[in-house]
Amino acid sequence: RFSEQWGFNNTGQTGGTPDADIDLPEAWDNFTGSNKTVIAIVDTGVDYNHPDLRANMWVNPGEIAGDGIDNDGNGYIDDIYGIDPGSGDSDPMDEDGHGTHVAGTTSAVGNNGVGVSGVNWNAKIMALKGADASGGLPQSATIEAMGYMVTMKTRYGVNIVVSNNSYGGLGGSQASRDAIAASIGAGIVFVAAAGNSGTDNDVIGSYPAGYDLPGIIAVAATDDNDRLAGFSQYGLTTVDVGAPGVAILSTTLGGGYGLLQGTSMASPHVAGVVGLLAGAVPGASVASLKSAILLGA
Ligand code: CA
Ligand code: CA
Ligand code: CA
């Protein structure tokens, strides 16, 4: 169903403007991603059994599944695909569908004759679940997710290059800012959705997108004519770039595919491109990855 993914390659198939897209076929002529690249999805979890995601799930090499033992000593029992700090366990299965859709945009298996493609054909998905079907992500859960990423990267050598953060709201905190700063300090680009209230983030602050940290890329949503989506928040200094976020086809619960809209869908287009770049140029700094994206947009 690649032909329906207008954000990757807009041929006018949705009635929009041809080439109002992120030029992925052109990028894929050079590079389609690396299975050594790990993209962390901080969200409602990921359906790690989805047929178009399963092969691209990150699997913790130091952990034995289902034995009730913290084999790698990282403080989490049976953390195979990530963790679920929202519930205080290690099973990040998605019960909502939001995170599964986001993960499909960064990393659904490409060129396998099934469903959709991610921006990366074979990059790995780390699932960090902060909420169930009932609601938003509490800051305590996202802070713990940041800590897990830092631990797995700095102490266990997992090559996490970017986190996608398609959540947010009015309230920021010093603790949240500090946790994000630590993840950026570990070399993990922080990509965040600008928000869906149509407001100016320079005037009404929205977090985590709006923290004044240079390693954050805050993403607005555009439509198939390259216009700012009506719902998308924006901000001259607090929002960095726009990406497709209207009628986006990706993976859904139960092995399916469906359309969603929002800056939540725009953000993983950018996180996916960070993954692609970091796979093509191993060791690239957070600053150089962000700069390449902003200069190329
Ligand atoms: Ca463990
Ligand atoms: Ca275990
Ligand atoms: Ca596929």
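Right above here is the structure, for reference.
Residue numbers run consecutively from 1 along every chain, following the written order of its sequence. As they are written, the chains are lettered A onward and the ligands numbered 1 onward, keeping that order. It should be noted that, the model being predicted, local features are given only for residues of pLDDT at least 70 and side-chain atom pairs only at 80 or more, the latter also being counted only at that level, while totals for whole chains, interfaces and linings use all residues. Hydrogen atoms and water are omitted, and side-chain values are computed over all heavy atoms in the structure.

So, on to the sheet that holds strand β5 (residues 189-193). Here, strands pair whenever DSSP counts at least two bridges between them. Segments assigned H or I by DSSP are reported as helices when at least four residues long, segments assigned E as strands when at least two residues long, and all are numbered from the N terminus. Strand order in this open sheet of seven strands is β2-β3-β1-β4-β5-β6-β7, and the pairing throughout is parallel. A strand with exactly one partner marks an edge of an open sheet, and here the two such strands are β2 (82-83) and β7 (241-244).

Okay, a negative patch on the surface next. Residues D19, D23, E26, D29 and D226 make up a contiguous surface patch of negative charge. On the secondary structure map, D29 appears in the loop between α1 (24-28) and β1 (38-43). Only residues above 30% relative accessible area that lack a salt bridge enter a patch, with like-charged residues linked at up to 9 Å and the nonpolar side chains Val, Leu, Ile, Met, Phe, Trp and Tyr linked at up to 5 Å. Each accessible area is a Shrake-Rupley result for a 1.4 Å probe, and residues are judged covered by the shown protein chains and nothing else. For this document, the term salt bridge refers to a Lys or Arg side-chain nitrogen within 4 Å of an Asp or Glu carboxyl oxygen. When charges are counted, Lys and Arg contribute as positive and Asp and Glu as negative, whereas His and the chain ends are disregarded. Where a charge sits is defined by one atom per residue type, namely NZ (Lys), CZ (Arg), CG (Asp) or CD (Glu).

Attention now moves to the coordination of the calcium ion (ligand 1). Six octahedral donors around a metal ideally make angles of 90 or 180 degrees; four tetrahedral donors ideally make 109.5 degrees. Shown as donors are all N, O and S atoms within 2.8 Å of a metal ion, widened to 3.2 Å for Na, K and Ca; because water is not in the atom set, sites may appear incomplete. Around the calcium ion (ligand 1), the donor atoms from the protein are E63 (OE), D70 (OD), D72 (OD), N74 (OD1), Y76 (O) and D79 (OD), and they sit 2.2 to 2.4 Å away. Irregular is the default label, applied whenever a site is not tetrahedral (four donors, all angles between 85 and 135 degrees) and neither square planar nor octahedral (four or six donors, opposite donors over 155 degrees apart, all other angles between 65 and 115). Bound by six donor atoms, the calcium ion (ligand 1) shows angles of 77 to 156° at the metal and therefore irregular coordination geometry. For the calcium ion (ligand 1), all donor residues lie on one chain, and their spacing in sequence is E-x6-D-x1-D-x1-N-x1-Y-x2-D. Note on classification: 1.4 Å probe, protein chains only; a residue is buried when its accessible area is under 20% of the maximum for its type, exposed when over 50%, partly exposed between these limits. Look at Y76 and you get buried, because its relative accessible area is 18%.

What follows concerns the packing of aromatic side chains. The pairing test for Phe, Tyr and Trp rings, Trp by its six-membered ring, is centres within 6.5 Å, and the orientation test on the planes gives stacked under 30 degrees, edge-to-face over 60, and tilted for anything in between. Scanning all chains against the criterion turns up six aromatic pairs. A centroid spacing of 5.6 Å and a plane angle of 40° characterise the contact between F2 and W28, whose relative ring orientation is tilted. Of this pair, F2 sits in the segment before α1 while W28 sits in helix α1, and the two are 26 residues apart along the sequence. Take F2: its relative accessible area is 29%, and that puts it in the partly exposed class. Among the residues examined, W28 registers a relative accessible area of 13% and is labelled buried. Three or more aromatic residues joined by ring pairs make a cluster, and in this case those are F2, F8, W28 and W121.

Regular strands place side chains that alternate from one sheet face to the opposite one. Most of β5 is tucked away: five of the five residues are buried. If the strands point away from the viewer and the path from the first strand over the helix to the second runs clockwise, then the crossover is right-handed. A crossover links strand β4 (residues 160-165) with its parallel partner β5, the connecting element being helix α4 (residues 174-185), and its sense is right-handed. Note: β5 against strand β6 (residues 216-222), four bridges, orientation parallel. Residue pairing in the sheet places A193 in a bridge with V219 of β6.

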